[in-house]
Amino acid sequence: MPIFRGHPVRTTRTAAGSRRHTAHQVVVKLKASETQRPDVQRDVLRALPRSSTVESGFDRFGIALVNLPPGTDTSKVVDRLRRHVAVEYAEPHLLDSGS
Amino acid sequence: MPTPSRTGVTVARRTTARRAPASSAPRPETFQGRPIVRIHWKGQAATAVGGVNVCRLRESERVVRAAAERGLQVTAGGAGQPLLGIGIVEERPAFGPERGSGWLAGLDDLVMWTEPLLLDHGSGVPNDPYLSQQWALEDVSAESAWDVMVPVDGRVVLAVLDSGLPMQSGKLSHADLDDPRYIAGRDVVNNDDDPADDHGHGTHVLGIAAAQCDNALGVAGLWRGAVLVLKVFDSALNGSSVTFKDGVALAVDFARARDARLVINYSGGGPDSNTKKAAVEYAQQNGALIVVAAGNRRGWDIEFPAAYAGMLPNVIAVGAVDRGRRRPAFGTEGPQMTVVAPGTDILSTLPNYFVTLNREGKQTKYDRLDGTSQATPLVSALASLLWTKHPDWTAAQIRDHISSTADRIDGNRDVFGGGIINITRAVQL
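Since the model is a prediction, treat every value here as computed from it, not as a measurement.

Visitor: Just give me the short version of the overall build of chain B, but keep the residues and values in it.
Guide: Looking only at helices and strands, one finds ten helices and 21 strands in chain B. In chain B, buried positions account for 61% of the 429 residues. In chain B, 75% of the contacts between residues at least 6 apart in sequence involve partners at least 24 apart. When the accessible surface of chain B is totalled, it reaches about 16,100 Å², and 49% of it is carbon and sulfur.

Here it is in structure tokens:
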């Protein structure tokens, strides 16, 4: 199992078996025009389920990595974030591996 | 003798004379308890310079100021500070090994060693004992790689984003990967400053690209310049879109702060991701080249970020071939394939302590691995050499030159791309 930033993380596979991602983590990116606005950042994070935690906050890309509470349907959270007007994209935390 | 490069940086040129055997080497002296290597300055020009290696990068400014106070100028490195803690001190006033190192007085807490700018005498063929087992080097015509002059100031940086490098107790621990040019960067997996390799993959990749060369030990790497190592894979060789993105950002920061050209080696991959694409575009905006393994799953499409080679000009997707220049039992395919390089039975370094790969039957220190991961560092080393020779080229020009000088391989272009890299042709044309 991968260890990400010290946290043990469960991995899942899609039906196609090719898009491994960490369970209960999502990546969200703000639109370029909103990246530096703390009020927008807070508003986007409010769209997350209660008890969610920020693993790494919005960086120079406007990207944040968020931990979701166990049992959360990640795809539903991604869909909700994508509907936010300030969000460029949201996606599961997809895994890579060495070749 | 040292000669100014096109960028005005003094470089060490290899000559055709073989290095004197160790038994006849000048007797080392000591300076404040630290070794000073006295060099025989055969035919040395009046422009002789002295070098100083500084233990801690952030302290290098003190050395710069101290030199200035003594009428000397530290000229190497970008952004006003020496890169890698290595400065080139101009002979103004005359300064050489015979004159001592008096200007360093009061800096003994910073200075690790001093030496004249070394002239690297060699035969063109390194003396590393495992060289004869590195079959891949002959197959990519690597003989010219070691004749490329490498600026000592590190204006080209190769960043290896992988599982880290051999470190114990915070220090480089592998004898074939122990030199100030190996820079231990962040561990972005565990979010600390200890990128010790706990899997072994990163050490293997690093050794192929840049193991110490002509040091009478182990294997020979191709790239003799600066290497920044960032840990983006954990002990199970898993990374993510975010660790890749963070690694790219850190590498870009490092190179940009030093006005250096940046080649990123990423021997990993996975699914398409907005986050990875954003990172690659960020690298492109900053002029960096990303050399990526195409992936090992035979019958599958090329993984990402390698597959971005189809849409972004700063990405090279690297596939693998075996000793017969045939397709091995592994390997993805797709129209984004740029070039191939040897990727089977590749001998390189492994950590000198127990890691994940040892549980899979691999030896410590040195062993063989297969994969597009092993092909990729041969290409990233070539890219680094080319940027050394052609500092004005763009990332796209480096990519196109590597592809256009490759040896064509008959067969499926989705498998072999533009062919197998030819280092001698690429470097000499």
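Visitor: Give a detailed account of the packing of helix α7 (residues 372-389) of chain B against helix α8 (residues 395-404) of chain B, specifying residues and quantitative values.
Guide: Residues and elements named next belong to chain B. One way to put it is that α7 packs onto α8 with a least axis distance of 10 Å and a crossing angle of 120°. In terms of orientation, α7 lies oblique with respect to α8. Crossing of α7 over α8 shows right-handed handedness. The segment α7 lies against α8, with Val 379, Leu 382, Ala 383, Leu 386 and Trp 387 engaging Ala 395, Ile 398, His 401 and Ile 402. When its residues are assigned to classes, the contact of α7 with α8 shows eight nonpolar, one polar and no charged.

Visitor: Break down the pattern of salt bridges for me, citing the residues and quoting the values.
Guide: Residues and elements named next belong to chain B. This model, assessed by the stated rule, comprises 22 salt bridges over all chains. Notably, a salt bridge pairs Arg 297 with Glu 303, separated by 3.7 Å at the nearest N-O pair. The exposure class assigned to Arg 297 is partly exposed, which follows from its relative accessible area of 31%. Note on Glu 303: relative accessible area 10%, which makes it buried. If you follow the salt bridges from partner to partner, you end up with Asp 139, Arg 325, Asp 407 and Arg 425 in one network.

Visitor: Tell me about the packing of aromatic side chains, and please be specific about residues and values.
Guide: Residue and element names in this part refer to chain B. A complete count under the given rule lists five aromatic pairs over all chains for this structure. Centre to centre, the rings of Phe 244 and Tyr 266 are 4.6 Å apart; their planes meet at 50°, and the pair counts as tilted. Of this pair, Phe 244 sits in helix α4 (residues 241-257) while Tyr 266 sits in strand β15 (residues 261-266), placing them 22 residues apart in sequence. The exposure classification of Phe 244 matches that of Tyr 266, with both residues buried. Positioned over the ring face of Phe 254 is Arg 258, at 4.0 Å from the centre of the ring. Residue placement shows Arg 297 over the ring face of Trp 300; its charged tip is 3.9 Å from the ring centre.

Visitor: I'd like to hear about the nonpolar core, residue by residue, with values.
Guide: Counting residues in each nonpolar core, the largest one holds 70 residues, and the members touching the most others are B:Leu222, B:Val379, B:Ile402, B:Ile421 and B:Ile423. Here the element with the most residues in this core is α7(B); it accounts for nine residues. Ranked by size, the runner-up nonpolar core spans 46 residues in total, among them A:Leu65, B:Ala251, B:Ala307 and B:Ala309.

Visitor: So, the interface of chain B and chain A: which residues are in play, and what are the values?
Guide: Accessible area lost when the parts come together is the quantity often used to give the size of an interface. Between chain B and chain A, the contact holds 44 residues from the first and 26 residues from the second. The interface formed by chain B and chain A includes three salt bridges. With its nearest N and O atoms 2.5 Å apart, the salt bridge here joins B:Asp253 to A:Arg60. The interface formed by chain B and chain A contains 18 residue pairs in polar contact (both at pLDDT 80 or more). At the level of elements, β14 (238-240), α4, β16 (268-269), α5 (274-285) and α7 of chain B are the ones that each hand at least two residues to the side of chain B that touches chain A. Considering every element that reaches the side of chain B that touches chain A, the biggest residue donor is α4(B), with seven residues. Counted by class, the side of chain B that touches chain A contains 16 nonpolar, 20 polar and eight charged residues.

Visitor: Describe in detail the sheet that holds strand β13 (residues 226-231) of chain B, supporting the description with residues and values.
Guide: Residues and elements named next belong to chain B. Taken in spatial order, the seven strands of this open sheet run β12-β13-β9-β15-β17-β18-β19, and their pairing is parallel. Of all strands in the sheet, those with a lone pairing partner are β12 (182-187) and β19 (339-342), marking the two edges. The sheet shows a mean angle of 25° between the axes of neighbouring strands, direction not considered. Where strand β18 (residues 315-321) lies against β19, four bridges are found, and the strand directions are parallel. Of the residues in β19, the one forming a bridge with Val 321 is Pro 342. Docked against the sheet, helix α3 (residues 201-210) engages β9 (156-162), β12, β13 and β15, running at close to 155° with respect to β9.

Definitions and limits used
Residues numbered from 1 in each chain as written. Chains lettered and ligands numbered in written order. Predicted model: local features only at pLDDT ≥ 70, side-chain atom pairs only at ≥ 80, totals over all residues. Heavy atoms only, no water. Helix = DSSP H or I, 4+ residues; strand = E, 2+ residues; numbered from the N terminus. Buried < 20%, exposed > 50% of the residue type's maximum accessible area, 1.4 Å probe, protein only. Contact = heavy atoms within 4.5 Å. Areas by Shrake-Rupley, 256 points an atom, 1.4 Å probe, with all protein chains shown as cover. Axes fitted to C-alpha atoms, helices over the stretch in contact; angles between N-to-C directions. Parallel < 35°, antiparallel > 145°, perpendicular 65-115°, else oblique. Left-handed = near helix turned anticlockwise from the far one by under 90°. Nonpolar A, V, L, I, M, F, W, Y, C, P; charged D, E, K, R; others polar. Salt bridge = Lys/Arg side-chain N within 4 Å of Asp/Glu carboxyl O. Phe/Tyr/Trp six-rings, centres within 6.5 Å; stacked < 30°, edge-to-face > 60°. Lys NZ or Arg CZ within 6 Å of the ring centre and 35° of its normal. Core = buried A, V, L, I, M, F, W, Y, C linked by side-chain atoms within 4.5 Å. Polar contact = N/O pair within 3.5 Å; in protein donor to acceptor, adjacent residues only side chain to side chain. Pairing = 2+ DSSP bridges.

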